[in-house]
Amino acid sequence: MRVQFSSIFPYLFFVSLALLPLSRPPFHFFEVLLAAVLAIFFVNASYWRRVREVHLMLGVSLFVMGITVLAAAAADPQGNWLYVARFGLAIFSLPAAVFLLRKQGKTFFALVFISILLLHAQWGVLQFIWQQSLGLSSIGESVLSPLTPVVAKFSFDSSPIMRAYGPYLHANTFGGMALMGLVCLGWLWYRKNLSPQHIFSLASWLTLALAVITSFSRAVYVGAIVLPLLLVFLFRVRIAHVSLISFIIILLFLPLLQARFSDTQDRATPERARGYSWWQEILTQYPVWRGAGPGQYPLALENHLNQEQVRYEAWEIAPVHSVPLLLAAEWGMIGGGFLLGYALFCLLRRDWQNIAFWLLPILPALLLDHYFLTQNAPLVFLMVLGLLHFQPAKS
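Residues numbered from 1 in each chain as written. Predicted model: local features only at pLDDT ≥ 70, side-chain atom pairs only at ≥ 80, totals over all residues. Heavy atoms only, no water.

*Asks:* Where do I start with the overall build of the protein in this structure?
*Replies:* Check the secondary structure of the protein and you find 17 helices and two strands. For 395 residues, the compact-globule estimate of 2.2 N^0.38 gives 21 Å, and the C-alpha radius of gyration of the protein, at 21 Å, lies within 12% of that figure. Expressed as a percentage of the 395 residues in the protein, the buried residues total 52%. Sequence-distant contacts, at least 24 apart, represent 73% of the contacts inside the protein between residues at least 6 apart. Entry remark: accessible area of the protein is about 18700 Å², with carbon and sulfur atoms responsible for 66%. Taken together, the 25 basic and 16 acidic charged side chains of the protein have centroids lying 19 Å from each other. (Helix = DSSP H or I, 4+ residues; strand = E, 2+ residues; numbered from the N terminus. Rg over C-alpha atoms; globule rule 2.2 N^0.38 Å. Buried < 20%, exposed > 50% of the residue type's maximum accessible area, 1.4 Å probe, protein only. Contact = heavy atoms within 4.5 Å. Areas by Shrake-Rupley, 256 points an atom, 1.4 Å probe, with all protein chains shown as cover. Lys, Arg positive; Asp, Glu negative; His and termini not counted. Charge placed at Lys NZ, Arg CZ, Asp CG, Glu CD.)

*Asks:* What should I look at first to understand the pairing of strand E1 (residues 153-156) in this one?
*Replies:* Moving residue by residue along a regular strand, the side chains alternate between the two faces of the sheet. Taken together, the four bridges between E1 and strand E2 (residues 159-162) define a ladder with antiparallel strand orientation. The residue bridging Phe 154 from the neighbouring strand is Ile 161, located in E2. From the end of E1 to the start of E2, which pair antiparallel, there are two residues, and Asp 157 there has a positive phi angle of about 55 degrees. (Pairing = 2+ DSSP bridges.)

*Asks:* Teacher, can you tell me more about the pattern of salt bridges here?
*Replies:* Two side chains carrying opposite charge are able to pair once their charged atoms lie near each other. For the structure on display, the rule yields four salt bridges. Salt-bridge contacts for Glu 31 lead to Arg 86; the nearest nitrogen and oxygen are separated by 2.8 Å. One end of the pair, Glu 31, is in helix H2 (residues 29-43); the other, Arg 86, is in helix H4 (residues 81-104), with 55 residues separating them in the sequence. Among the ionic pairs, Arg 274 bridges to Glu 316, the shortest N-O distance being 3.0 Å. You can see Arg 274 sitting in helix H10 (residues 268-283) and its partner Glu 316 sitting in the loop between helix H11 (297-307) and helix H12 (323-331), a full 42 residues away along the chain. (Salt bridge = Lys/Arg side-chain N within 4 Å of Asp/Glu carboxyl O.)

*Asks:* What is the right way to look at the packing of helix H7 (residues 199-215) against helix H8 (residues 218-234) in this model?
*Replies:* At a minimum axis separation of 10 Å, H7 and H8 run at an interaxial angle of 145 degrees. Counted together, Trp 205, Val 212 and Ile 213 of H7 and Val 220, Tyr 221, Ala 224 and Leu 227 of H8 form the full contact between these two elements. (Axes fitted to C-alpha atoms, helices over the stretch in contact; angles between N-to-C directions.)

*Asks:* What should I look at first to understand H4 in this one?
*Replies:* The end-to-end C-alpha distance of H4, which contains 24 residues, comes to 34 Å, matching closely the 34 Å that a straight helix rising 1.5 Å per residue would cover. A maximum bend of about 25 degrees is found in H4 at Leu 94, where proline Pro 95 lies one to four positions downstream. Within two residues after H4, Gly 105 carries a phi angle of roughly 95 degrees, on the positive side. (Expected span 1.5 Å × (residues − 1). Bend = angle between axes of the 7 residues up to and from the residue.)

*Asks:* Can you walk me through the environment of Ala 164 in this structure?
*Replies:* Looking at the element boundaries, Ala 164 is found in the loop between E2 and helix H6 (171-190). Ala 164 gets classed as buried once you look at its relative accessible area, which sits at 0%. With 113 residues separating them along the chain, Ala 164 and Val 51 place their C-alpha atoms 41 Å apart. Once residues lying within four places of it in the same chain are set aside, the contact partners of Ala 164 are Gly 124, Gln 127, Phe 128, Ala 171, Phe 174, Thr 214 and Ser 215.

*Asks:* Can you help me understand a nonpolar patch on the surface in this one?
*Replies:* A cluster of nonpolar side chains, Leu 244, Phe 247, Ile 248, Ile 250, Leu 251, Leu 252 and Leu 254, forms an exposed patch at the surface whose accessible area comes to about 680 Å². Mapped onto the fold, Ile 248 is located in helix H9 (residues 240-261). (Patch = residues over 30% accessible without salt bridge, like charges linked within 9 Å, V, L, I, M, F, W, Y side chains within 5 Å.)

*Asks:* I'm lost on the side chain of Gln 127 in this one. Help?
*Replies:* Mapped onto the elements of the fold, Gln 127 is located in helix H5 (residues 106-130). Relative accessible area serves as the criterion here: at 0%, Gln 127 is assigned to the buried category. Of note is the side chain of Gln 127, whose polar atom sits 2.6 Å from the backbone nitrogen of Gly 166. If near-sequence neighbours (up to four positions away) are discounted, Gln 127 is found in contact with Gln 132, Ser 133, Leu 134, Glu 141, Leu 144, Met 162, Ala 164, Tyr 165 and Gly 166. (Polar contact = N/O pair within 3.5 Å; in protein donor to acceptor, adjacent residues only side chain to side chain.)

*Asks:* Help me understand H11 in this model?
*Replies:* Structurally, the α-helix is built with 3.6 residues per turn, so residues lying three or four positions apart point the same way. For H11, the full list of buried residues reads Tyr 297, Ala 300, Leu 301, His 304 and Leu 305. Considered in projection along H11, the buried side chains sweep an arc of 125 degrees and stay on one side of the axis. For H11, the secondary structure elements touched by its buried residues are H10 and H12. Looking at the residues trailing H11, positive phi occurs at Gln 309, about 55 degrees. (Arc of directions from axis to C-beta.)

This is the structure:
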C-alpha cells in the first residue's frame, strides 16, 4: 500500500491544486478533494516520517492553525468557520508541498506549477476570444458574458468587452495567477535550470503574457513591468526573445488597453477609495489585538454602514482591497505578527535577490487587492510557491 500511495500522491496533490479554483459553494467539491488527499498523506505517516522538514512544517502549520482558531473564537464563537477551514486547507498544504520539494526538487516543482497555470491561462484567453464562458459550469466555471452585470468588463467603442476569468472567481485573480506563472518561469531562467530561448520558455511566456494582458488588471500590469526589469538588471538574464513577444502583444492590444485605461464607467478607483475610508472606521471599532476576526470583515462592514445609515451598493460589502489592510482589520496584532515574522525571516536569510524576485512583482496585487487572502486557490498557490525561498535538498 505504501508503494502504491507513494507513486500516486504527487499526481493527486497537483491535480487537486489544478482543480481548486473551480471549487464553488455550496459543496466546495475540489476543496474537499484536496482535504481528502492531504488527510491520506498525513495518515500514511510511514510515507513521510523520515523527512525532517515535513515534521518541522507540520509543527508550524499546527501552531498557526491553533492561533487562527483562537482568534476566530475570541472574535465571535459563531464566526466564519468556513473561512477558517479554508485557511487551514492552505496551511496544511505546506507540509505536503515540503515533502514533494524534498523528493522531487525545486525545478520539477516549478515546472508542474507553470504547467497548471498554463492550463488556466489558455482557459482564460479562450474566454476572452469567445467573450463568454466555455460551458463548463457543471464543474464550477463561472457563467460569463459581457451582458452580465456582475462580470468584469470595460467599454470599447460603445461595446462591452469582457475580461478573462479562466477558472477563477474574478479577472484580477486570473491575472495575478498568470503573473505568478511568469515569476516561476523567470525563476527557472535566473537559476539556469531553463533557457529563455528554449521553445517551452517562449511558448509559456507567450501564453502567460496573453493571460496577463487579457485580465486587464492594472495592479498585475505593474508587476509584469517589474518582472523583466528584475531579470535584466538584477540577474543579468538575456530576454530579448521574450521581450519581442511582449512588445508584439502590447502593440496588438494597444487599442483595447487605451480603452481600458480611459474607461469613464470604471468604478474600481472610487470603490477602493470608499473602501479604504471605511476600513479606517472599522479598524477603530474592534480590539487592536484581535481585530474583527478571520473572515469577518464583510459582516463588520455591513453592520457598521447600517448603523451609520450610509447608503451602499450590495457589491461594496466586500473585503478591503489590500492584503495588509485586511490582515490588520481581521486579525489585528495577530496579522501584524504574521507579517513581522515573515519580515524577520527575510532579514535572517539575507537572500535579498531571491526574496525581491518573488515578492516585488506580486507586491502591487498584494497591496491593491485582497484575493491572495480571501480566495482559497490563490492563497494555497502563494503559500506553496513561497516555499521556493528555501534551499532544496536537490534541484
